[in-house]
2 protein chains.
Amino acid sequence: MKIVIVGATGTIGSAVVSALESKHELVKVGKTKGDVNLDITDVDSIRSALQQIGSFDALIVASGDLAFNSLSEMSAQEWNVGINSKLMGQINLAREALEYLTPGGSITLTSGILSKDPIAGGVAATTINGALEHFVKAAATEMPKGIRINVVSPTVLEESLPMYGDFFPGFIPVPGKTVAQAYVRSTLGVASGETFVVE
Amino acid sequence: MKIVIVGATGTIGSAVVSALESKHELVKVGKTKGDVNLDITDVDSIRSALQQIGSFDALIVASGDLAFNSLSEMSAQEWNVGINSKLMGQINLAREALEYLTPGGSITLTSGILSKDPIAGGVAATTINGALEHFVKAAATEMPKGIRINVVSPTVLEESLPMYGDFFPGFIPVPGKTVAQAYVRSTLGVASGETFVVE
């Protein structure tokens, strides 16, 4: 299977690469690293990257920025980071990929546990992650060619603890290789419109 | 209680007005009608309207536009209608209202049943309504002065059937006066961070 992984060099992306690379042909996509580059906030950049890649069987997106701040202090610009990158960036990638996905293919996006469990400063994350989990539910009803679409909602990764651990008090971290299995399940399974929570 | 109702002349808003007007002082807000006018897509307009109203005890928002189209045909401009109006319009109203709300006050926003049950052409509605339901869950954890925040998620109203009925095949409509009670319950009850589904 030819699988496109956007965000392939990130913490989640590299765990997904490790889980899939022995049995599949992977196209690793990043903003500046990888086989192909794209900026998910720019639809033209998405289109040009997909054209370069050509036909493929599955898309995995483990990419998308969000700003963290309190509701009272979050600026319009900070809200727009999450809206343009993590939300519309993934939605636009999913939509543009439909043209290149083979029949029976799949799309797997990434939300995050904050949709379910708010943390301080995480109001945009809860909002945007929740939006993505609802998006796949509706988008699944419109997929052409038997294509499936799901989202993975991971808690904090063990590998991310040094950088983000203090923001997730009492959250039990999971290893990247466990999170990666949710992407494998979404990509190789039969579910569509689902949120795979990993915690 | 002094209650500000944004969208007071709409189908839901007018039912909420009927449910509350005998016992409370209502400030009816609309884009062009009502006691005070504001454009929820414009933060300056929100600020100016709230300044005009002054201190109040509860905010109810039954306003916000969304575009309906298929995922493959929905333009960036159409996505932005829902993001700027129904999503960020309500979020900005909630945030700006905190300065004017009395201690123990409340905020009630509006999502809609499509968060739970997708319909054809409703991918933006499912996404944005889901975002709002997650927003209140996180925002509730940050509210100052004991303020509560909830969202009402109504199915199609009996009063809206002539205009929207065909888009909701098999959905059982509810009368506006039943939907209005969810706003009363959110405003006068004790819940916070909740989605009141009315169907």
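About the criteria used
Residues numbered from 1 in each chain as written. Chains lettered and ligands numbered in written order. Predicted model: local features only at pLDDT ≥ 70, side-chain atom pairs only at ≥ 80, totals over all residues. Heavy atoms only, no water. pLDDT = per-residue confidence, 0-100. Phe/Tyr/Trp six-rings, centres within 6.5 Å; stacked < 30°, edge-to-face > 60°. Buried < 20%, exposed > 50% of the residue type's maximum accessible area, 1.4 Å probe, protein only. Core = buried A, V, L, I, M, F, W, Y, C linked by side-chain atoms within 4.5 Å. Contact = heavy atoms within 4.5 Å. Axes fitted to C-alpha atoms, helices over the stretch in contact; angles between N-to-C directions. Helix = DSSP H or I, 4+ residues; strand = E, 2+ residues; numbered from the N terminus. Parallel < 35°, antiparallel > 145°, perpendicular 65-115°, else oblique. Left-handed = near helix turned anticlockwise from the far one by under 90°. Nonpolar A, V, L, I, M, F, W, Y, C, P; charged D, E, K, R; others polar. Buried area = accessible area lost by both parts, 1.4 Å probe. Salt bridge = Lys/Arg side-chain N within 4 Å of Asp/Glu carboxyl O. Polar contact = N/O pair within 3.5 Å; in protein donor to acceptor, adjacent residues only side chain to side chain.

## A look at the confidence of the model for chain A
Working step 1: Summing up the model confidence of chain A, the mean pLDDT is 97 and the portion of residues at 70 or higher is 100%.
Working step 2: The ipTM for the predicted assembly is 0.97, set against a pTM of 0.98.

## Topic: the packing of aromatic side chains
Residue and element names in this part refer to chain B.
Working step 1: Counted under the stated rule, the structure contains 4 aromatic pairs over all chains.
Working step 2: An angle of 85 degrees between the planes, with centres 5.3 Å apart, marks the rings of Phe 168 and Phe 171 as edge-to-face.
Working step 3: Take Phe 168: its relative accessible area is 13%, and that puts it in the buried class.

## Some points on the nonpolar core
Working step 1: In terms of nonpolar packing, the biggest core is built from 102 residues, with Ile 107, Leu 109 and Phe 135 of chain A together with Ile 107, Leu 109 and Phe 135 of chain B touching the most fellow members.
Working step 2: When sequence neighbours within four positions are dropped, the list of residues in contact with Leu 109 of chain B reads Val 61, Gln 90, Ala 94, Leu 132, Phe 135, Val 136, Ile 149, Asn 150, Val 151, Val 152 and Tyr 183 of chain B.

## What to know about the packing of helix H4 (residues 123-139) of chain A against helix H4 (residues 123-139) of chain B
Working step 1: As a packed pair, H4 of chain A and H4 of chain B sit with axes 7 Å apart at the nearest point and diverge in direction by 150 degrees. Between H4 of chain A and H4 of chain B, the angle is such that the two are roughly antiparallel. In terms of crossing hand, the pair formed by H4 of chain A and H4 of chain B is right-handed. Contacts between H4 of chain A and H4 of chain B involve Val 123, Thr 126, Thr 127, Gly 130, Ala 131, Glu 133, His 134, Phe 135, Ala 138 and Ala 139 of chain A from the first element and Val 123, Thr 126, Thr 127, Gly 130, Ala 131, Glu 133, His 134, Phe 135, Ala 138 and Ala 139 of chain B from the second.
Working step 2: A class-by-class count of the residues in the contact of H4 of chain A with H4 of chain B yields 10 nonpolar, 8 polar and 2 charged.

## Some words on the interface of chain A and chain B
Working step 1: Contacts between the two partners involve 29 residues from chain A, matched on the other side by 29 residues from chain B.
Working step 2: In this assembly, chain A packs against chain B so that about 2,500 Å² is buried in total across both faces, 72% of it on carbon and sulfur atoms.
Working step 3: When residues of chain A are sorted by the area they lose upon contact with chain B, Leu 71, Arg 95 and His 134 of chain A head the list and together hold 25% of the total.
Working step 4: Our enumeration of links across chain A and chain B arrives at 0 salt bridges.
Working step 5: Our count for the contact surface shared by chain A and chain B stands at 8 residue pairs in polar contact (both at pLDDT 80 or more).
Working step 6: A total of 11 residues in the side of chain A that touches chain B trace back to one element, the largest contributor, which is H4 of chain A.
Working step 7: Considered class by class, the residues forming the side of chain A that touches chain B number 14 nonpolar, 9 polar and 6 charged.

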